[in-house]
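Tertiary structure, described
If you want the building blocks of each chain, they are given just below.
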Amino acid sequence: MRKKLVILHLCCLGALGLASGGAVWWASSYLRTPQFRHELALLVEEATGRTVRLDGELGLSFFPWFGLNAQGFSLGNDPDFGDTPLLSASEVSARIRVLPLFERRLVFDTVELTNANRTLTMNAEGRGNWEGLAEHLRAQEHAQQKAGAFFKRITLRGLRLVDGQARLDDRQHNHSYITTDIDLRTGRIESGQALPFTFTCSFDWPRPGLTARVESTGKLHWSAEDAEPLLTETTVQADIGGTFMPALAPRAMLATEVRVDDKGRNLKLLDARLRLLD
């Protein structure tokens, strides 16, 4: 009896392996075609509401995971803020989950952007060029199948930015903020659920001459179904320096809890602790 159960178990595993191998073989053939490249761009544009550009040819990886990669990626800006891409990266790679392929769903387990560059702008009225993207993502949270497409929907389960940089130009207050050496990692992206994240960067505020090395962990409440403030359970630690600091205390350590609410316009620092260093 035990021998039969072992044989049955091995047969099931073999059938599952053959089915998964068949899905990978079929997907690897289709993902190399110009039709898929066009469809992928349309799916991303539908999900984000922004134009998408993929440079170079799409490549495939099979070990240690089945995935897709491309040299050069850009996501278009809000038309009201000019033609400079909102987000660009020198390389993008994505792990593809195999089982959803049977249901014609393209699920990226993790998407990694290398040398990601974000160009952020806030106009004189206080609206940011990223806000339209956030509003579209919330509206598309439960979008239905795109007519005429082979894949029913594109889904992103996690995101990582490696060695990135960002610049925010605040035209309302005439300030600029620069971040470099960005490393961002998210947890699992699920509808209606808070998104855990970790974030590190080097921060530069040129006008007062303030620099900092920043580390943060927290939860982002991105879903339209989530009534919580935009950021909760978020802590920030910063090693602060620059010409902004007094000569007798050229460095400081800041640790605080951060909460952002009122649609991202109200920033609160809770239990803030600042220590001046000689």
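In this text, all values refer to a predicted model and were calculated from it rather than measured experimentally.

The number of helices and strands found in the chain is three helices and 14 strands. Per-residue burial over the chain gives 37% buried out of 278 residues. Within the chain, counting contacts between residues at least 6 apart in sequence, those at least 24 apart form 52% of the total. A total of about 16,300 Å² of accessible surface is found on the chain, and carbon and sulfur atoms cover 57% of it.

Here we come to helix H2 (residues 34–48). Over its 15 residues, H2 extends 21 Å from the first C-alpha to the last, a length consistent with the 21 Å expected when each residue adds 1.5 Å. Listing the buried residues of H2 in full gives Phe36, Glu39, Leu40, Ala41, Leu43, Val44 and Thr48.

What follows deals with the side chain of aspartate 78. Residue position: aspartate 78 is located in the loop between strand E3 (67–75) and strand E4 (87–96). Of note is the side chain of aspartate 78, whose polar atom sits 2.9 Å from the backbone nitrogen of aspartate 80. Non-local contacts of aspartate 78, meaning those with residues more than four positions away in its chain, are made with Arg50 and Asn129.

All chains considered together, the criterion is met by two aromatic pairs. Look at tyrosine 177 and phenylalanine 203: their rings are 6.3 Å apart centre to centre, the planes differ by 20 degrees, and that puts the pair in the stacked class. Of this pair, tyrosine 177 sits in strand E9 (residues 175–186) while phenylalanine 203 sits in strand E10 (residues 195–205), and the two are 26 residues apart along the sequence. The class for phenylalanine 203 is partly exposed, based on a relative accessible area of 22%.

Of all hydrophobic cores here, the largest spans 47 residues; its most connected members are Leu40, Phe108 and Leu113. Ignoring sequence-local partners within four residues, the contact set of leucine 113 consists of Phe73, Leu87, Ala89, Glu91, Val92, Arg160, Leu161 and Val162.

With 84% of its residues at a pLDDT of 70 or more, the chain has an overall mean of 82. A low-confidence stretch, residues 3–23 (pLDDT under 50), is modelled with seven contacts involving residues beyond four sequence positions or located in other chains.

One ladder, built from seven bridges, connects E9 with E10; its direction is antiparallel. Pairing of threonine 180 across the sheet is with serine 202, part of E10. Two elements, E10 and strand E11 (residues 210–220), share eleven bridges in a ladder whose sense is antiparallel. In the sheet register, proline 196 faces E11, and the bridge partner there is lysine 219. In sequence, E10 turns back onto E11 through a hairpin of four residues, with glycine 209 there showing a positive phi of about 75 degrees.

Calculation rules
All residue numbers refer to position in the chain's written sequence, counted from 1. Where local features are concerned, this predicted model is filtered to residues with pLDDT of at least 70; where side-chain atom pairs are given and counted, the filter is 80 or more; whole-chain, interface and lining totals use all residues. Hydrogens are left out, water is left out, and the side-chain values use all remaining heavy atoms of the structure. A helix here means a DSSP run of H or I that spans at least four residues, while a strand means a run of E at least two residues long, and both kinds are numbered starting from the N terminus. Accessible area is worked out with a 1.4 Å probe on protein chains only. A residue is then buried under 20% of its type maximum, exposed over 50%, and partly exposed in between. Contact criterion: two residues are considered in contact whenever any of their non-hydrogen atoms come within 4.5 Å of each other. All accessibility values rest on the Shrake-Rupley procedure with a 1.4 Å probe; residue burial counts only the protein chains present in the view. By this rule the span expected of a helix is its residue count minus one, scaled by 1.5 Å. Pairing of N or O atoms within 3.5 Å defines a polar contact, subject to two protein rules: one partner must be a possible hydrogen donor and the other a possible acceptor, and residues neighboring in sequence count only if both atoms are side-chain atoms. Pairing of aromatic side chains requires ring centres within 6.5 Å, counting the rings of Phe and Tyr and the six-membered ring of Trp. Pairs whose planes differ by under 30 degrees are stacked, by over 60 edge-to-face, and all others tilted. For the purposes of this section, nonpolar cores are sets of buried Ala, Val, Leu, Ile, Met, Phe, Trp, Tyr and Cys residues that join through side-chain atoms within 4.5 Å. Across the chain, each position has a pLDDT score giving the predictor's confidence in that residue, from 0 to 100. At least two bridges found by DSSP between two strands are what make those strands a pair.

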